[in-house]
Amino acid sequence: MKKYVFASLLAGLLPTTFQASAQTAEAPGRQTLKVEITETPVDVISNVIYSQITFPTNRQLRMTLLVPRTPQPKPAIVFYPGGGFMSANHDSFIAMRMALAKAGFVVAAAEYRTVPDRFPALVIDAKSAVRYLRAHAGQFGIDPQRIGVIGDSAGGYVAQMVGTTNGEKQFDAGDFTEVSSDVQAAATIYGISNLMNIGEGYSEDIQKVHASPAVTEALLVHGPAFFNFAGSSILSDPKKALDASPMGHVKSNLPPFLIMHGSADPLVSPVQSEQLYKAMVEKGNKPDYIVVEGAGHGDLYWYQPALIDTVVNWFKKHLAGTAGTDATADSNQQK
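Residues numbered from 1 in each chain as written. Predicted model: local features only at pLDDT ≥ 70, side-chain atom pairs only at ≥ 80, totals over all residues. Heavy atoms only, no water.

## Things to note about unusual backbone geometry
- In this model, Val-115 is joined to Pro-116 through a cis peptide bond whose omega is 20 degrees.
- Looking at the secondary structure, you find Pro-116 in the loop between β4 (106-110) and α3 (121-135).
- One non-glycine residue, Phe-93, adopts positive backbone phi at about 55 degrees.
- Within the element layout of this structure, Phe-93 appears in the loop between β3 (74-80) and α2 (94-102).
- With a relative accessible area of 6%, Phe-93 lands in the buried category.
- Here Tyr-190, not a glycine, exhibits a phi torsion of approximately 35 degrees, which is positive.
- Position of Tyr-190 relative to the elements: it lies in the loop between β6 (185-189) and α6 (204-211). (Helix = DSSP H or I, 4+ residues; strand = E, 2+ residues; numbered from the N terminus. Buried < 20%, exposed > 50% of the residue type's maximum accessible area, 1.4 Å probe, protein only.)

## Concerning the confidence of the model for the chain
- Chain-level statistics for the chain give a pLDDT mean of 91 and a share of 88% at 70 or above.
- Low pLDDT, under 50, characterises residues 4-10; the predicted model gives this stretch zero contacts beyond four residues in sequence or across chains.
- Low pLDDT, under 50, characterises residues 323-335; the predicted model gives this stretch 23 contacts beyond four residues in sequence or across chains. (pLDDT = per-residue confidence, 0-100. Contact = heavy atoms within 4.5 Å.)

## Here's the deal with the pairing of β3
- Most of β3 sits out of view: seven of its seven residues are buried.
- Judged from the six bridges that link them, β3 and strand β5 (residues 142-152) form a sheet pairing that is parallel. The residue of β5 that forms the bridge with Phe-79 is Ile-150.
- Note: β3 against β4, four bridges, orientation parallel. Bridging from a neighbouring strand, Ala-76 pairs with Val-106 of β4.
- Once you follow β3 into α2 and on to β4, the crossover reads as right-handed. (Pairing = 2+ DSSP bridges. Right-handed = clockwise from strand over helix to strand, strands pointing away.)

## A closer look at the side chain of Thr-165
- Looking at where Thr-165 falls in the secondary structure, it is placed in the loop between α5 (154-164) and β6.
- For Thr-165, a relative accessible area of 0% puts it in the buried group.
- A polar atom in the side chain of Thr-165 sits 2.5 Å from the backbone oxygen of Met-161.
- With sequence-adjacent residues up to four places away left out, Thr-165 is seen in contact with Lys-127, Phe-171, His-249 and Lys-251. (Polar contact = N/O pair within 3.5 Å; in protein donor to acceptor, adjacent residues only side chain to side chain.)

Structure below.
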């Protein structure tokens with residue numbers, strides 16, 4: 001009797017269930033989406049402390065990493081933000097950084113010390129960021145033999161300094177000095193190559209600004225007026241200014257360089273990139289130099305897909321397939 005009742009109940013439920021399914025399939029707004037897998041997830045790791053400065057004040061320097069979720073070791077790129085030597089908002093230029101990450105690069109955006117800290121603090125920081133990534137390559141899925149740098153404006157100056165000082169040790173200080181700070185590619189976007197002529201070709205009023213002891217490049221090299229020091233123009237000591245400039249470190253056998261500048265830049269003279277390109281070529285290097293027609297300084301031109309794709313493809317060509325330098329390989333063996 002119990003079996004008969006159960007069977008009857010089950011028979012009564014089945015038609016209702018099938019009817020509900022049919023109604024769901026025909027419900028307004030219900031759709032089926034077929035998705036093709038073309039993108040790799042990118043993870044964000046924020047507030048990574050890559051260096052701790054203890055003098056004159058205790059300060060932690062941070063970076064934000066974008067890490068493609070792939071199993072193989074990946075090339076890495078350190079991004080240095082612009083800010084006129086007065087700020088270093090390392091979470092800027094997300095369009096460029098995300099495009100590089102989606103292309104398969106680990107991208108580390110690093111802050112660095114700015115005015116009132118003096119040169120070479122920002123270069124020491126920049127090289128510390130490279131060494132940190134190399135020393136923690138396994139943790140972040142990085143190929144330590146393939147690390148590049150990129151920066152815009154003052155950050156372009158920093159990227160230039162890192163690239164042109166490959167093989168030089170005077171800026172290596174802090175942690176992980178047992179590994180190399182050399183890079184395998186460097187890109188500079190409307191960057192500064194010579195602190196003494198940032199405003200070359202501009203009006204007389206602009207020239208006066210850059211000759212002032214109060215302008216940021218003068219503060220970067222000489223510091224502010226204090227006690228019995230009245231301040232000093234960047235032009236007052238050409239040797240010191242050149243030593244603090246990428247132009248003072250151009251030599252043969254530099255890593256691949258991408259130099260980009262807007263033809264209508266009102267803030268950093270296009271001469272800055274032109275003179276860097278010529279100096280590199282004279283030393284036997286083969287940099288790529290692109291003048292972006294009509295582009296200003298950090299304006300909308302620099303966020304367009306065509307321009308960003310140009311940078312991404314350049315790094316794919318010069319970093320994604322490189323095996324690294326002997327010096328870098330040697331440093332990794334010391335780890």
